[in-house]
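Report on the structure
Okay, here's what each chain looks like letter by letter:
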Amino acid sequence: KQWYQRRVAITAGDAELPAFTSNDIEDGDNCAFDDDIVEDSDHEDENESKNSENEASNNDVIPFIIDTPEHMKDFRSLISGYDHSDTLTIIKRIIASNHPSLSDENKTKTSSFYIILIKYLTSLYEENLLEKDLLDGTVSQLYSVTKFISRQVYEHMFGVVSTLKHLIEKNIGKSIHQVFKPRYIIYLYLIQRIYPVSDFKHAIVTPIFLSLAWVLGSDGVRKPADIKVGLFLCNFILQATKSSGRYVPEVVYFLTQVLNRGAGHKSEYVGNFRFKPDIVSGGRDAAPGSNPLSSRPSKLSLRGLYDNTCSTPTDLLFGLLSTLSLAMKQYHDFTAFNAVFREACQAVVTIVPVTSQGRPKHQYHTDIVNISRSISSQYEQFSRKLLPYLRYKDTKPPAIKMYEPKFDLVYMERQRKDKDETRILKKKVKEEMKGAVREIRKDNRFMSRMKHREQAAKDSARKRKVNEIMGFLSKEQGEANDLKWKKKRGKA
């Protein structure tokens, strides 16, 4: 257990990344989407205390060493009977037990489990069962192992981008919510945290932005779900491009066209969908004595992103105005700010008209009135910048013609004779012969040197031995001479 806790700490299992929210773009009062991935149910608060009591017991039941499941069925059978917190614990222990840094074999297992987790999150989102804590924790685990299997992750993400591109090309002209499927929301959530979104030439991020811009620029707004999906894409792009300062004109184009249609103007982009004037003005479609747009607007939730009935016109209008305000704050430094946002701001004034005393003509809610006034004030403030003077592009002045004589250069190609192959081969044989003789001479000199060294060594040894023998004999001769002299003198 202690080893597992250390392994989790090493793999950054406790370092969770922040969830997607428009609060990161600007202030939380003007964000178009709620920061919860799904809305909490009523019985969730009642079971919270029970889950906290059973958490310790469930963690004791879950084994610490878990093999990596190979298929989605194996993973679902492994987490069956556990809640989302225990499921996150199982995911952490699977990754820690089979971490890619432990062996090369684990890289293949982790890459397959990586795809299984993405498919699992996608299925939960499509079934409206995905919770924010589970999404953040799972994405944190995926982020921690991405650097060890970066090649496999890149190949999978590149396949997703290619599939999205082909899907857009195939369904061009259809509704936005039919082109941009729900499963790509999880991929956007993951790509934003893995890859640098400020890179203008990234192999994954740049095609994603081009695909999203293509979706926003297509003629596919026909139902409320199309507006909500478009607003989600606009908020995602604004958040991702905030640090880099990249300008995506499709965001402004989408907001302008939808607001123009809501103001009653003709627009081929929006199709048959529009804000009904009777609802806006409280006419025959509204209930007697009530105005639907006077109700408090609620933030759009990702849970009902593809539902055409869960959001009221008030919610859609508030989302459009909030996203427009964020875009104006982000692009306020542009020199052409006046021309870019003029049409959208005029549509806002038409939808939410104000009397000469500064009061709204219709009974809109205070939030809508305040944000419309904020848009008008921002437009007046950021449109006051002076445009630079127009001038010709700096070009190199044309040179004065010099009437110099012209010469026609005629190149006569020399005809080369075909080389005789026999002569070439003889030359090569001669060169090789010289080289062989040269090597033989080198070998002979080397052998002679070696023989000389051996003979010199033998001679020196022989000379040493001769000197020793001669010395010994001279010594013996001296002793014999002494003995002979003593005998001659009679001293022996």
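Residues numbered from 1 in each chain as written. Predicted model: local features only at pLDDT ≥ 70, side-chain atom pairs only at ≥ 80, totals over all residues. Heavy atoms only, no water.

Turning our attention to the environment of Pro207. Mapped onto the elements of the fold, Pro207 is located in helix α10 (residues 205–217). Along the sequence, Pro207 and Ser162 sit 45 residues apart, while their C-alpha atoms lie 8.6 Å from each other. Excluding residues within four positions of it along the chain, Pro207 makes contact with Val161 and His202. (Helix = DSSP H or I, 4+ residues; strand = E, 2+ residues; numbered from the N terminus. Contact = heavy atoms within 4.5 Å.)

This part is about the environment of Gln257. Tracing the backbone shows Gln257 in helix α12 (residues 249–262). Distance from Gln257 to Ala347, taken between C-alpha atoms, is 9.2 Å for residues 90 residues apart in sequence.

With that settled, consider a positive patch on the surface. The grouping of Lys430, Lys434, Arg438, Arg441, Lys442, Arg445, Arg449 and Arg453 at the surface amounts to a positive patch. Structurally, Lys434 is set in helix α17 (residues 421–489). (Patch = residues over 30% accessible without salt bridge, like charges linked within 9 Å, V, L, I, M, F, W, Y side chains within 5 Å. Areas by Shrake-Rupley, 256 points an atom, 1.4 Å probe, with all protein chains shown as cover. Salt bridge = Lys/Arg side-chain N within 4 Å of Asp/Glu carboxyl O. Lys, Arg positive; Asp, Glu negative; His and termini not counted. Charge placed at Lys NZ, Arg CZ, Asp CG, Glu CD.)

We now examine the packing of helix α11 (residues 224–240) against helix α14 (residues 313–330). It is the contact of α11 with α14, at a shortest axis distance of 10 Å, that shows an interaxial angle of 25°. In terms of orientation, α11 and α14 fall into the roughly parallel class. For the pair α11 and α14, the crossing hand works out as left-handed. Contacts from Pro224, Ile227, Lys228, Leu231, Cys234, Asn235 and Leu238 of α11 reach α14 at Leu316, Gly319, Leu320, Thr323, Leu326, Ala327 and Gln330. For the contact of α11 with α14, the residue count by class is 9 nonpolar, 4 polar and 1 charged. (Axes fitted to C-alpha atoms, helices over the stretch in contact; angles between N-to-C directions. Parallel < 35°, antiparallel > 145°, perpendicular 65-115°, else oblique. Left-handed = near helix turned anticlockwise from the far one by under 90°. Nonpolar A, V, L, I, M, F, W, Y, C, P; charged D, E, K, R; others polar.)

Below, the discussion takes up the layout of surface pockets. With a probe scaled to a water molecule rolled over the atoms, the places where space remains empty come into view. A volume near 280 Å³ is recorded for the second largest pocket. The wall of the second largest pocket is formed by 18 residues, among which Ser301, Arg303, Gly304, Leu305 and Cys310 lie closest to the centre. (1 Å grid on protein atoms, 1.4 Å probe; cavity = no way out; pocket = protein on both sides within 12 Å on 5 of 7 lines; lining within 4 Å. Points joined across faces, edges and corners; volume = space filled by probe spheres on them.)

Considering all chains together, one arrives at 4 salt bridges under this definition. Taking the shortest distance from any N to any O, the salt bridge between Arg151 and Glu155 comes out at 3.4 Å. Taken together, the residues Arg151 and Glu155, both in helix α7 (residues 150–170) and 4 residues apart, mark about one turn of the helix. The exposure class of Glu155 is partly exposed, given its relative accessible area of 47%. Residue Glu169 pairs with Lys165 through a salt bridge whose shortest N-O separation is 2.5 Å. Of the two residues, Glu169 and Lys165 both sit in helix α7, 4 residues apart, roughly one turn of that helix. (Buried < 20%, exposed > 50% of the residue type's maximum accessible area, 1.4 Å probe, protein only.)

Our focus in this paragraph is the packing of aromatic side chains. With the rule as written, the count across this model stands at 10 aromatic pairs. Judged by centre distance (5.5 Å) and plane angle (90°), the ring pair of Phe337 and Phe382 falls under edge-to-face. Of this pair, Phe337 sits in helix α15 (residues 337–351) while Phe382 is found in helix α16 (residues 366–382), placing the two residues 45 residues apart along the sequence. What makes Phe382 buried here is its relative accessible area of 15%. The structure contains a cluster of three or more aromatic residues connected by ring pairs, namely Phe337, Phe341, Tyr379 and Phe382. Across from the ring centre of Phe64, 4.2 Å away, lies the NZ or CZ of Arg93, which sits over that ring. (Phe/Tyr/Trp six-rings, centres within 6.5 Å; stacked < 30°, edge-to-face > 60°. Lys NZ or Arg CZ within 6 Å of the ring centre and 35° of its normal.)

Time to look at the confidence of the model for the protein. Averaged over every residue, the pLDDT of the protein is 75; residues scoring 70 or more account for 78%. Confidence, read as mean pLDDT per element, is least for helix α1 (residues 2–10) in the protein (38) and greatest for α17 (92). Confidence over residues 36–57 falls short of pLDDT 50; this stretch has 15 contacts with residues more than four positions distant or in other chains. Low pLDDT, under 50, characterises residues 276–291; the predicted model gives this stretch 18 contacts beyond four residues in sequence or across chains. (pLDDT = per-residue confidence, 0-100.)

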